[in-house]
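So the chains spell out like this:
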Amino acid sequence: MSNLNLGLIYLLMPILMWVVLARLRSPVVALWCLGSLLGAGALLLAELFAFIPPWINAPMVNLLEFTSLLSSIQALRLDQGVPWRFRWMAAVSLGYLVVFEICREVYALGTYRLALVPLVELVLVLQVVGWAWRIARQQKSAGAVTIAGSHLLLSVGVFLVLVQLFFPRGGVPNCPRDSSGLTDTLGMLASLAGDVGFIGLALERSLTQWLDAASKQARLEERQLLGNQLAHLDRQRGFGLVAASLAHELNQPLTAILASAQAARRGTAADRLDRVQSLELLDKIILNTRRLSEVTGRIRSFIRPAEPHQGPVDLEKVTRQMLEMVEPDLQHQGVQVAFAAEGSPVLVQGDAIQLSQVVLNVLRNALEAVQLVPDPFIQIQLNRSADKAVLSIRDSGPGLDPGQADRIGTPYFTTKPDGLGLGLSIATAILQQHQGSLTLRNAEGGGACVDIRLPLRAVGGALP
Ligand code: ADP
C-alpha cells in the first residue's frame, strides 16, 4: 500500500474519532483530532511533492507535522489542566518555520539542516510519550499506555533516522524525507495506534465517569432509602411510644373505674349503698371515663399532631384532680397525702391535659415507691419562686439508687419489673414544651422528691 493510500486512511482517522467520540467531544478531543488531521495533511502533502513546488511543499509539510505534534501534546496537557497558551504555540510554530527556512538557505543540504526536522520531531514525540505516560500512570489507562507506547516506537524510528544522518552508510548524508520511508510508515502506524489509544482513553474516561456517577447515584439512593427507613423507624418508634404511653395512661383510670364499679356492685349486692354513696361511685366512674377519653383524644392528637390547647392552667386544681384519680390506690395502700398549696391559684400557661399527665406520672411513681414502706406518705408543695411555679412531690419511698441516678429519666430506663421507663421522659418532654423542667432528687430525710418548675403565667391572665 502506498503512502498516499495510507495517508488517506490516516485522514479518515480524525473524522472517525470525531464521530466515535460524538458524545464525549471536548476541547481535548478536538485538539487531538486536529493533531491527527494536521498529521494526515502533512503526509498527503508530502506525497504530492511532484505536483507542488518544493519551496511551498517542504515548509508546509514541516509546519503541518510540527503543529500536528504540538496539537497532540496540547490535547494531553489540556487534559492534565496545564495547557500552553495558544498564542505561544502559534509563535513557536512560526519561529520553527523561519528557522527551518533559514537552515535551508544557509546549510543547503548539510547534515544539520537535514537533522533539524527529525530532531524537533523527536523532542515533540517524546513530549507526547511523557504526557501520555503521566496520564497512564495517573488513571491506569490502557489507552494512554497505547499512546505512550506507539509514540515511543515512533521516537525510536526518528532516532534511527538521526543516527543514519550523522553516521551515513555511504558517508554521504541523505535527505530524511527521501530515505526514511520507514519513518513515515512508522509515523503513520504509530499515529494510528495513538489515535486508537486516544479513543480508548476517552472511552475509558467516560466509563469511569459513568461508573462514578452511577456509584454516586447509588450512594445517594442508598442514603435516601436509609433516610426513609430511619424516618419510618422514627415514626414507628413514635407510635411505639404512643402505644406504650397509651397503655401506661389508660391503666390508672381503668383501674379506678374497675375499683369504683366493683365497690358499687359489692355495695348494691349487699344492699349497703345509699343513694349518695351510689352517686359518688358513679361520679368517679364518669370522671375516670372522661379522663380516659381525654387521654385517648390526646393520644390521637399525638398521632395526628394538632396544636395543644393552650390556656391558663391552675396547678393546684390539676394536682387535686390527679390525686382524685389515684385515690383508690392511695386508700388501698394506706398512703397519707399532705398537700400544702398557696392561698391563691398558681397559674401557668399550657395544656391542662398534658400537665395533668405530668403530675399523674409523678404521683404514680411516688405511689409505686411507697408500696413496700411502712407508714407511707406523699408530701406535696406548691409554691411560687420568682417567676416560676414549683410543684414538689416528695414520697417516703427508698429514694433513688445513686448508682443509677444518671440513667433515671432516660427513655426506657426502669427498675420496675412491669415498668416501661417512659413516664419521666414523657413528663420531661411535656415540661420542656412548656419551658419548664423536672428534677428528681433524694429528699432530705429520705425518699425521693420531684420538683416540677413552670413559668408563672403573666399577670393579667384570667381563668376561663
Ligand atoms: P417507670 O415508672 O415505668 O419505671 P419512669 O420513667 O416513670 O418509668 O421511671 C423511671 C425510673 O425512675 C423508675 O423505674 C425508678 O427506678 C425511678 N423513679 C422514678 N420515680 C421514683 C421515685 N419516686 N422514687 C424512686 N425511684 C423513682
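Remember, it's a predicted structure, so these values are computed and weren't measured experimentally.

**Observations concerning the site of the ligand**
The immediate surroundings of the ligand are formed by 19 residues, with Asn365, Asp395, Thr414, Thr415 and Lys416 found nearest. Measuring from an oxygen atom of the ligand, one finds a side-chain N or O atom of Thr415 at 2.4 Å. Protein contacts shield 95% of the accessible area of the ligand, which totals 530 Å² for the unbound molecule. Counting residues per element, the ones that place at least two in the shell around the ligand are helix H12 (352-369) and helix H13 (423-433). Looking at the shell around the ligand, the element that brings in the most residues is H12, giving 3 residues.

**Section: the packing of aromatic side chains**
Considering all chains together, one arrives at 4 aromatic pairs under this definition. Look at Trp32 and Phe198: their rings are 4.8 Å apart centre to centre, the planes differ by 0 degrees, and that puts the pair in the stacked class. You can see Trp32 sitting in helix H2 (residues 27-47) and its partner Phe198 sitting in helix H8 (residues 181-269), a full 166 residues away along the chain. Owing to a relative accessible area of 2%, Trp32 belongs among the buried residues under this scheme. Of the residues examined, Phe198 reaches a relative accessible area of 3% and is grouped as buried.

**Re the sheet that holds strand E6 (residues 437-442)**
Taken together, the 5 strands give an open sheet; going across it, the order is E2-E4-E5-E7-E6, and neighbouring strands pair in mixed fashion. Lying at the two open borders of the sheet, with one neighbouring strand each, are strand E2 (336-340) and E6. Each adjacent strand pair in this sheet contributes to an overall mean axis angle of 15 degrees, direction not counted. Across 8 bridges, the pairing between strand E4 (residues 377-385) and strand E5 (residues 388-395) is antiparallel.

**Side note on the environment of Ala352**
The residue Ala352 is located in helix H12 in this model. Given a relative accessible area of 38%, Ala352 falls into the partly exposed group. Distance from Ala352 to His309, taken between C-alpha atoms, is 7.7 Å for residues 43 residues apart in sequence. Setting aside chain neighbours within four positions, we find Ala352 in contact with His309 and Val313.

**Regarding the pattern of salt bridges**
Two side chains of opposite charge can pair, provided their charged atoms sit close to one another. Applying the stated criterion across every chain yields a total of 7 salt bridges. Between Glu316 and Arg320 there is a salt bridge whose closest N-O contact spans 3.1 Å. Taken together, the residues Glu316 and Arg320, both in helix H10 (residues 315-325) and 4 residues apart, mark about one turn of the helix. Sharing partners across several salt bridges, the network here consists of Arg364, Glu368 and Lys416.

**A few points about the packing of H10 against H12**
Between H10 and H12, the shortest axis-to-axis distance is 9 Å and the interhelical angle comes to 50 degrees. Judged on the interaxial angle alone, H12 and H10 are oblique. As for how H10 packs across H12, the hand of that crossing is right-handed. Facing Val318, Thr319, Met322, Leu323 and Met325 of H10, the residues of H12 in contact are Leu355, Ser356, Val359, Leu360 and Leu363.

**Considerations on the packing of H2 against helix H3 (residues 54-79)**
Running from N to C, H2 and H3 point in directions that differ by 160 degrees, and their axes come no closer than 8 Å. When the axis of H2 is compared with that of H3, the two are roughly antiparallel. The two elements H2 and H3 meet at a crossing, and its hand is left-handed. In terms of residue class, the contact of H2 with H3 is made up of 15 nonpolar, 9 polar and 2 charged.

**Quick look at the confidence of the model for the protein**
Chain-level statistics for the protein give a pLDDT mean of 83 and a share of 84% at 70 or above. Segment residues 230-238: pLDDT under 50, and 2 contacts once partners within four positions in sequence are set aside and those in other chains are kept.

**Comments concerning unusual backbone geometry**
Unusually for a residue other than glycine, Asp271 sits at a positive phi of about 55 degrees. By secondary structure assignment, the location of Asp271 is in the loop between H8 and helix H9 (275-303). A relative accessible area of 69% means that Asp271 is categorised as exposed. With a phi close to 55 degrees, Ala386 is a non-glycine residue in the positive phi region. For Ala386, the location among the structural elements is in the loop between E4 and E5. Classification of Ala386 as exposed rests on a relative accessible area of 75%.

**Description of the nonpolar core**
One finds Trp32, Leu76, Leu124, Val128, Ile147 and Phe198 to be the most contacted residues of the largest nonpolar core, which totals 44 residues. Sorting the residues of this core by element identifies H2, H3, helix H4 (86-107), helix H5 (111-139), helix H6 (142-166) and H8 as the ones contributing at least two each. With 14 residues, the top contributor of residues to this core is H5. Those residues in contact with Leu76, other than ones at most four positions away along the chain, are Trp32, Val128, Trp131, Ala132 and Ile135.

What counts and what doesn't
Residues numbered from 1 in each chain as written. Predicted model: local features only at pLDDT ≥ 70, side-chain atom pairs only at ≥ 80, totals over all residues. Heavy atoms only, no water. Near = heavy atom within 4 Å. Polar contact = N/O pair within 3.5 Å; in protein donor to acceptor, adjacent residues only side chain to side chain. Areas by Shrake-Rupley, 256 points an atom, 1.4 Å probe, with all protein chains shown as cover. Helix = DSSP H or I, 4+ residues; strand = E, 2+ residues; numbered from the N terminus. Phe/Tyr/Trp six-rings, centres within 6.5 Å; stacked < 30°, edge-to-face > 60°. Buried < 20%, exposed > 50% of the residue type's maximum accessible area, 1.4 Å probe, protein only. Pairing = 2+ DSSP bridges. Axes fitted to C-alpha atoms, helices over the stretch in contact; angles between N-to-C directions. Contact = heavy atoms within 4.5 Å. Salt bridge = Lys/Arg side-chain N within 4 Å of Asp/Glu carboxyl O. Parallel < 35°, antiparallel > 145°, perpendicular 65-115°, else oblique. Left-handed = near helix turned anticlockwise from the far one by under 90°. Nonpolar A, V, L, I, M, F, W, Y, C, P; charged D, E, K, R; others polar. pLDDT = per-residue confidence, 0-100. Core = buried A, V, L, I, M, F, W, Y, C linked by side-chain atoms within 4.5 Å.

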